[in-house]
Amino acid sequence: MDKPTLQRLAALDSNTVSDALDFLGLPGATYGLRPLWDCPKVVGRASTVLLGPKTEAKPTVHLISPVIDAITTDDRVLVIAGGIEGVSCWGDILANAATAKKIRGTVIDGCSRDIEGSESISYPVYGKGITMVSARNRVVQLDAGKPMQMAGVTVHENDYVIADRCGTVFIPQEKIEEVLALGEKINRRQEGMVAAVRAGRSVADVMHDKEFEAIAVEPQK
């Protein structure tokens, strides 16, 4: 596990991480993957799952359950791609199983059902929406542990995830140190800008483009 890195990421928010990715010219910020109840921030490493429409009549193992069974560390976030509009790919039984395995949360490029069940055990779920329509006989698991497309962003197994009330951001694992270092600089600069406005400085001056451009050359602390 990578607790110091995850602790540094948890000290930021999705807006700051998105800004850092922008400065570095990296994709990662998504649109539409929001909390499906008033759940806490999620920070962790991606365990990717790919779903798709069921095309055969024979019974199958329930989607996502093999991935949950295989998890052995407490740093995981389930990142589920391939959801079908209006059809669930998450529910309260899976949420209880994930909680038992110390999984930190689930991000779905799709919908969840039984959202009160996830909320009742404080299990974070992020996604596109809520439905009552079951995945059974409609959706199956196609793959896991492979690169997936999540709301237009390619996510690899073990990439970093941060999700909060503003949305969900994915950070390539090979770029995490660079993103964190820049994110921490942005956070310090933005805290200073808020303090300056509160102290009476002109917001037009404080928010001028040159103030943001200066972040890229600010020395490390």
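Residues numbered from 1 in each chain as written. Predicted model: local features only at pLDDT ≥ 70, side-chain atom pairs only at ≥ 80, totals over all residues. Heavy atoms only, no water.

A. Structural detail: the overall build of the protein. When helices and strands are counted, the protein shows eight helices and twelve strands. By the compact-globule yardstick of 17 Å for 221 residues, the protein fits well, its C-alpha radius of gyration being 19 Å. Dimensions of the protein along its principal axes, counting C-alpha atoms only, are 65 × 30 × 30 Å. Of all intrachain contacts in the protein linking residues separated by at least 6 positions in sequence, the fraction that spans at least 24 positions is 76%. Put simply, the protein has 25 plus and 29 minus side-chain charges, and the middle of one group is 3 Å from the middle of the other. (Helix = DSSP H or I, 4+ residues; strand = E, 2+ residues; numbered from the N terminus. Rg over C-alpha atoms; globule rule 2.2 N^0.38 Å. Contact = heavy atoms within 4.5 Å. Lys, Arg positive; Asp, Glu negative; His and termini not counted. Charge placed at Lys NZ, Arg CZ, Asp CG, Glu CD.)

B. Molecular detail of unusual backbone geometry. Even without a glycine there, the phi angle at Lys-102 is positive, about 65°. Among the structural elements, Lys-102 can be located in the loop between helix H4 (92-100) and strand E4 (105-108). Note on Lys-102: relative accessible area 55%, which makes it exposed. Positive phi is not limited to glycine here, since Ala-151 has a value of about 50°. Assessed through its relative accessible area of 30%, Ala-151 is described here as partly exposed. (Buried < 20%, exposed > 50% of the residue type's maximum accessible area, 1.4 Å probe, protein only.)

C. Quick peek at helix H2 (residues 14-24). The complete set of buried residues in H2 reads Ser-14, Thr-16, Val-17, Ser-18, Ala-20 and Leu-21. Backbone nitrogen of Asn-15 and a side-chain oxygen of the N-cap are separated by 3.2 Å at the start of H2; the cap is Asp-13. Of the residues trailing H2, Gly-25 is marked for its positive phi of about 70°. (Polar contact = N/O pair within 3.5 Å; in protein donor to acceptor, adjacent residues only side chain to side chain.)

D. Seen up close, the environment of Ile-84. Relative to the helices and strands, Ile-84 resides in the loop between strand E3 (76-81) and H4. Distance in space between the C-alpha atoms of Ile-84 and Gly-110 is 6.2 Å, their sequence separation being 26 residues. If sequence neighbours within four positions are ignored, Ile-84 has contacts with Pro-53, Arg-138 and Val-139.

E. Representation of the layout of surface pockets within the structure. The calculated volume of the largest pocket comes to roughly 270 Å³. Forming the boundary of the largest pocket are 17 residues, of which His-62, Gly-91, Ile-93, Leu-94 and Arg-136 lie nearest the centre. For the lining of the largest pocket, the secondary structure elements donating two or more residues are helix H3 (65-70) and H4. What the second largest pocket holds in volume is close to 170 Å³. Taken together, the elements giving at least two residues each to the lining of the second largest pocket come down to H2 and strand E12 (167-171). Ranked by residue count, the leading element in the lining of the second largest pocket is H2, at four residues. For the lining of the second largest pocket, the residue count by class is four nonpolar, seven polar and two charged. (1 Å grid on protein atoms, 1.4 Å probe; cavity = no way out; pocket = protein on both sides within 12 Å on 5 of 7 lines; lining within 4 Å. Points joined across faces, edges and corners; volume = space filled by probe spheres on them. Nonpolar A, V, L, I, M, F, W, Y, C, P; charged D, E, K, R; others polar.)

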